[in-house]
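Okay, here's what each chain looks like letter by letter:
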Amino acid sequence: MNNRRKFIGTAAALVAGTVAASAMPISTMERKYPVVHHVFFWLKNPESKADKDKLVAGIKALKKIETVKDIHVGVVASTEKRDVVDNSWSVSELLFFSDVKGQAIYQDHPLHLEFIKNCSSLWEKVLVYDAIDA
């Protein structure tokens, strides 16, 4: 009987811990990968689905670089139009790194250089924001 109570108590604590962990905010990613590299691309032909698809595929291939810990590829969202929202770009990439050294390795990595070679003809403008946790 005593062992059954211990088991039930342990199981209840495990369930409570799992529920608490699942309720943790997503901000743990910023602590896990404190360096972010956010790039916005303006396509030369923004109406071209083929160009957009090629750029998105090229960006997604960057995930294979060992220092890229996570990636998000996005296109302009149909959200409320406000003065502070810039939706003039076509595609964005958000890459997460463990440290500045990893981001530097990414910059010179053959896959990144290949991406630039294969996709740079698609864009007319690129804007980069690099940030680290404050």
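Residues numbered from 1 in each chain as written. Predicted model: local features only at pLDDT ≥ 70, side-chain atom pairs only at ≥ 80, totals over all residues. Heavy atoms only, no water.

Bringing the overall build of the protein into the picture now. Counting its regular elements, the protein contains 5 helices and 4 strands. Shown N-terminal to C-terminal, the secondary structure of the protein runs as helices and strands in the order α-α-β-α-β-β-α-α-β. Taking the intrachain contacts of the protein between residues at least 6 apart in sequence as the baseline, contacts between residues at least 24 apart amount to 76%. Of the roughly 9200 Å² that the protein leaves accessible, carbon and sulfur atoms contribute 59%. (Helix = DSSP H or I, 4+ residues; strand = E, 2+ residues; numbered from the N terminus. Contact = heavy atoms within 4.5 Å. Areas by Shrake-Rupley, 256 points an atom, 1.4 Å probe, with all protein chains shown as cover.)

Before going further, it helps to examine the sheet that holds strand β1 (residues 35-43). In spatial order, the strands read β2-β3-β1-β4; together these 4 strands make up an open sheet with antiparallel pairing. Two strands in the sheet have a free side with no partner beyond their single neighbour: β2 (70-75) and β4 (123-132). On average, each strand axis in the sheet is tilted by 15° relative to the strand beside it, whichever way the strands run. Both β1 and β4 contribute to a ladder of 9 bridges, which runs antiparallel. Opposite L43, over in β4, you have W123 as the bridge partner. (Pairing = 2+ DSSP bridges. Axes fitted to C-alpha atoms, helices over the stretch in contact; angles between N-to-C directions.)

Every buried residue of helix α5 (residues 110-119) is accounted for by H112, F115 and C119. Within α5, the buried residues cover an arc of 55° as seen down the axis, which keeps them to one side. Structural note: α5 exposes P110 and K117 on the side pointing more than 90 degrees away from its buried face. (Buried < 20%, exposed > 50% of the residue type's maximum accessible area, 1.4 Å probe, protein only. Arc of directions from axis to C-beta.)

This part takes up the packing of aromatic side chains. Scanning all chains against the criterion turns up 6 aromatic pairs. Ring geometry for F41 against F115: centres 6.1 Å apart, planes inclined by 80°, an arrangement best described as edge-to-face. Pair noted here: F41 is in strand β1 and F115 is in helix α5, with a separation of 74 residues, a long-range link. Like F41, the residue F115 is buried in the burial classification. (Phe/Tyr/Trp six-rings, centres within 6.5 Å; stacked < 30°, edge-to-face > 60°.)

Ranked by size, the top nonpolar core spans 18 residues in total, and within it F41, L55, Y106 and F115 carry the most contacts. Secondary structure elements with two or more residues in this core: β1, α3 (49-61), β3 (91-97) and α5. The contacts of L55, once residues within four sequence positions are left out, are F41, L43, V91, F115, C119, L122 and W123. (Core = buried A, V, L, I, M, F, W, Y, C linked by side-chain atoms within 4.5 Å.)

Further remarks concern the pairing of β1. In terms of residue burial, β1 counts as a mostly covered element, since 7 of its 9 residues are buried. Relative to β3, β1 runs antiparallel, the two sharing 7 bridges. Across the sheet, residue F41 finds its bridge partner in β3, namely V91.

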